[in-house]
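Residue-level listing of the chains:
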Amino acid sequence: DAGVTQSPTHLIKTRGQHVTLRCSPISGHKSVSWYQQVLGQGPQFIFQYYEKEERGRGNFPDRFSARQFPNYSSELNVNALLLGDSALYLCASSPRAEFNYEQYFGPGTRLTVT
Amino acid sequence: ELKVEQNPLFLSMQEGKNYTIYCNYSTTSDRLYWYRQDPGKSLESLFVLLSNGAVKQEGRLMASLDTKARLSTLHITAAVHDLSATYFCAVAQLAGNNRKLIWGLGTSLAVNP
């Protein structure tokens, strides 16, 4: 079975631009979570979606938004990019939303904002 | 707001030695994860601990959870070089309708011959 997949792998954007990151969960998993990991730090929770509904939101500005599609894949959108948005963006999938289950992480999208 | 603290943040140890990494958290939770991350790579799940007193072991690693003390430990037995990585704990905050997973800063472990 395929694991969690993310696209693109790497991305370079300019300040003020918009970016869309994509994630496909493991087959059968209905929950997708998004994390931001700045170099040298722990991951920061951005969003959790389950059955297309937002179930959790971290302390990120409204420039960050996400959605989940009927096939449980997900997109993370970031508007008006800032230099500080440069990070590794990780997606994780799990069967349900309650954090009772192992979360499986994708390889990540490395975003560089110049 | 839940806060998660790991210590030590950096650990250099010799092969064959034992050591423990600590994860303290500030508010009630009974759901805690341990992950491993190799440089430039994604996160690999090690343990999911879901109740007070939970203990799990895999190879040279053993994790435990004490929800009353708000403390989890990751014990390394007879370390080998392959265990060199950064280890993170993450704690679930389930208050209300906003569920989050809060992470520690990580423990960077170097196992030397």
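Before reading on, note that the structure itself is shown above.
Residues numbered from 1 in each chain as written. Chains lettered and ligands numbered in written order. Predicted model: local features only at pLDDT ≥ 70, side-chain atom pairs only at ≥ 80, totals over all residues. Heavy atoms only, no water.

**Observations concerning the state of the cysteines**
Note on terminology: disulfide describes a covalent bond linking the sulfur atoms of two cysteines. Residue and element names in this part refer to chain B. Using the criterion set out here, one finds 2 disulfides over all chains in the structure. The side chain of C23 participates in a disulfide bridge whose partner is C89; the two sulfur atoms lie 2.0 Å from each other. The S-S bond linking C23 to C89 shows a torsion near 80°; that makes this disulfide right-handed. Remark: C89 occurs in strand β9 (residues 85–93) and C23 occurs in strand β3 (residues 19–25); sequence separation between them is 66 residues. Each member of the pair, C23 as well as C89, is classed as buried. (Disulfide = S-S within 2.5 Å. Helix = DSSP H or I, 4+ residues; strand = E, 2+ residues; numbered from the N terminus. Buried < 20%, exposed > 50% of the residue type's maximum accessible area, 1.4 Å probe, protein only.)

**What about the interface of chain B and chain A?**
Each partner contributes to the interface: chain B provides 21 residues, whereas chain A provides 24 residues. Taken over both partners, the interface formed by chain B and chain A buries close to 1,800 Å², and the fraction arising from carbon and sulfur atoms is 49%. The interface formed by chain B and chain A holds 7 residue pairs in polar contact (both at pLDDT 80 or more) in total. Elements with a minimum of two residues in the side of chain B that touches chain A: β4 (32–37), β5 (43–49), β9 and β10 (100–103) of chain B. Tallied by class, residues from the side of chain B that touches chain A come to 11 nonpolar, 6 polar and 4 charged. (Contact = heavy atoms within 4.5 Å. Buried area = accessible area lost by both parts, 1.4 Å probe. Polar contact = N/O pair within 3.5 Å; in protein donor to acceptor, adjacent residues only side chain to side chain. Nonpolar A, V, L, I, M, F, W, Y, C, P; charged D, E, K, R; others polar.)

Limitation: the analysis is restricted to geometry and does not speak to function.
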